[in-house]
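Okay, here's what each chain looks like letter by letter:
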Amino acid sequence: METIEGTVIARHGGLIRVQVDNRTLLVTARRSLAWEDGAPEASKIVVGDRVSVDCSESEGVIVAVRKRISCLTRRAVASPKPQVLAANVDQALLVFATKTPEPRQGLLDRFLVACHRADIIPVIIFNKIDQGEGKSKAWAEIYRPLGFTVLQVSARSAWGLGQVKRLLPDRTTLFCGPSGAGKSSLLNAVYPGFKLRVGGLSEATGKGRHTTTMAELMPLPFGGFVVDTPGLKEFGLWDINSEELQSAFPEIRDKLGNCHFSNCSHVHEPKCGVRNAVEDGLINRGRYRSYCQLLEEIE
Ligand SMILES: Nc1nc2c(ncn2[C@@H]2O[C@H](COP(=O)(O)OP(=O)(O)OP(=O)(O)O)[C@@H](O)[C@H]2O)c(=O)[nH]1
Ligand SMILES: [Mg+2]
Ligand SMILES: [Zn+2]
């Protein structure tokens, strides 16, 4: 059997587009795939997967999937199954709008926990700064001291785009966030050659219209790859325990030594260093709320 190696750049139902050197092939996947790392729970090929394609037939067939270096996974809405957004990405740009659609801290904190779990570097982007700062300034003051990069940009006016561009060469970057935040607009602004479809917002709700309908991996002319994804409403955590959750919150990790009980959950125990820090204003209340909510959800 003659096989060649490639990278999955898009899925169209059962058909999978694979990049091999400078050409793309439209192939299918064999039913009994060989997963180098063992079949994952969501054993579905995703964008970013490195695959072996058998080219001995006229139509190529994927026969094996290589070990994933990273994969950003969420619990799909109304389904017990995990959904992998993309494989083998190095960093994720979490794109929110400063004002509309209104950014939700709960969603941001979920993204950050999932990136921590997946060993993917998160970057928080507030787009549409041309419409005003909205919550972006207050949130930058919360998240920057925690070690996260927070950028304020505008795809429309090109404000701050240099900072985004500088993050991209020679890596694979996932663009994710709610529908209508401007992920595709930002990508078009970074490289007009993409010509991605951009959609308006619903006048009634201020939310996006789910313009991008599938994840797609695209090469940048200056090196590196980007993945545009459909907007996300929900992000359920997948495969994470309470210790990992705590360690995903740097400000909680920082106070662990101050709790009376070594197995403190920081929700109801007395003499809790984390809750004291919240009372003293050292830990942001919204962040603490996110932690409690996520802990309840995973337990
Ligand atoms: N004022 C302003 N509007 C913007 C900016 N960036 C994007 N928009 C508008 O926001 C709307 C949504 O943009 P998209 O790029 O389609 O958003 P998206 O995040 O890709 O949305 P989905 O594909 O649905 O997930 C469009 O009407 C854009 O013109 C910006 O920097 N400023
Ligand atoms: Mg889009
Ligand atoms: Zn505690």
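What you see is a predicted model; the values in this text were computed from it and never measured.

Q: Would you explain the pairing of strand β3 (residues 23-35) in this entry?
A: Examined bridge by bridge, strand β2 (residues 15-20) and β3 share five bridges and lie antiparallel to one another. Looking at β3, one finds that V18 is bridged to L25. For β3 and strand β5 (residues 61-65), the ladder comprises four bridges, and the chain directions are parallel. What sits directly across from W35, in β5, is V65.

Q: Explanation requested: the domain arrangement of the protein in the structure shown.
A: Accessible area lost during the coming together of the parts is what is often quoted as the interface size. According to the domain assignment, the protein contains domain 1 (3-65), domain 2 (71-228) and domain 3 (242-298). Its C-alpha centre places domain 1 at a distance of 43 Å from the equivalent point of domain 3.

Q: Where do I start with the environment of C115 in this structure?
A: Position of C115 relative to the elements: it lies in helix α1 (residues 105-118). In this view, C115 contacts L72, A92, I120 and P122; residues no more than four positions away in its chain are not counted.

Q: Looking at this model, I keep getting lost on the site of ligand 1. Mind explaining?
A: Around ligand 1 lies a shell of 25 residues, among which G182, S184, S185, T212 and G231 are the nearest. Among the elements that line the shell around ligand 1, the one with the most residues is helix α4 (residues 183-190), at three residues. When the residues that make up the shell around ligand 1 are grouped by side-chain class, the tally is five nonpolar, 15 polar and five charged.

Q: Is there a simple way to explain the nonpolar core in this structure?
A: Soluble globular proteins tend to bury their nonpolar side chains together. Counting 73 residues, the largest nonpolar core has L72, A86, L94 and L174 as its most contacted members. Of all the elements, α1 adds the most residues to this core, at seven residues. For L174, the residues in contact, after removing those within four places along its chain, are L72, L85, A86, V89, A92, L93, V227 and T229.

Conventions adopted
Residues numbered from 1 in each chain as written. Chains lettered and ligands numbered in written order. Predicted model: local features only at pLDDT ≥ 70, side-chain atom pairs only at ≥ 80, totals over all residues. Pairing = 2+ DSSP bridges. Helix = DSSP H or I, 4+ residues; strand = E, 2+ residues; numbered from the N terminus. Domains from an automatic or database assignment. Contact = placed C-beta atoms within 7 Å. Near = placed C-beta within 6 Å. Nonpolar A, V, L, I, M, F, W, Y, C, P; charged D, E, K, R; others polar. Core = buried A, V, L, I, M, F, W, Y, C linked by C-beta atoms within 7 Å. Buried ≥ 20, exposed ≤ 12 C-beta atoms within 10 Å, placed from the backbone.

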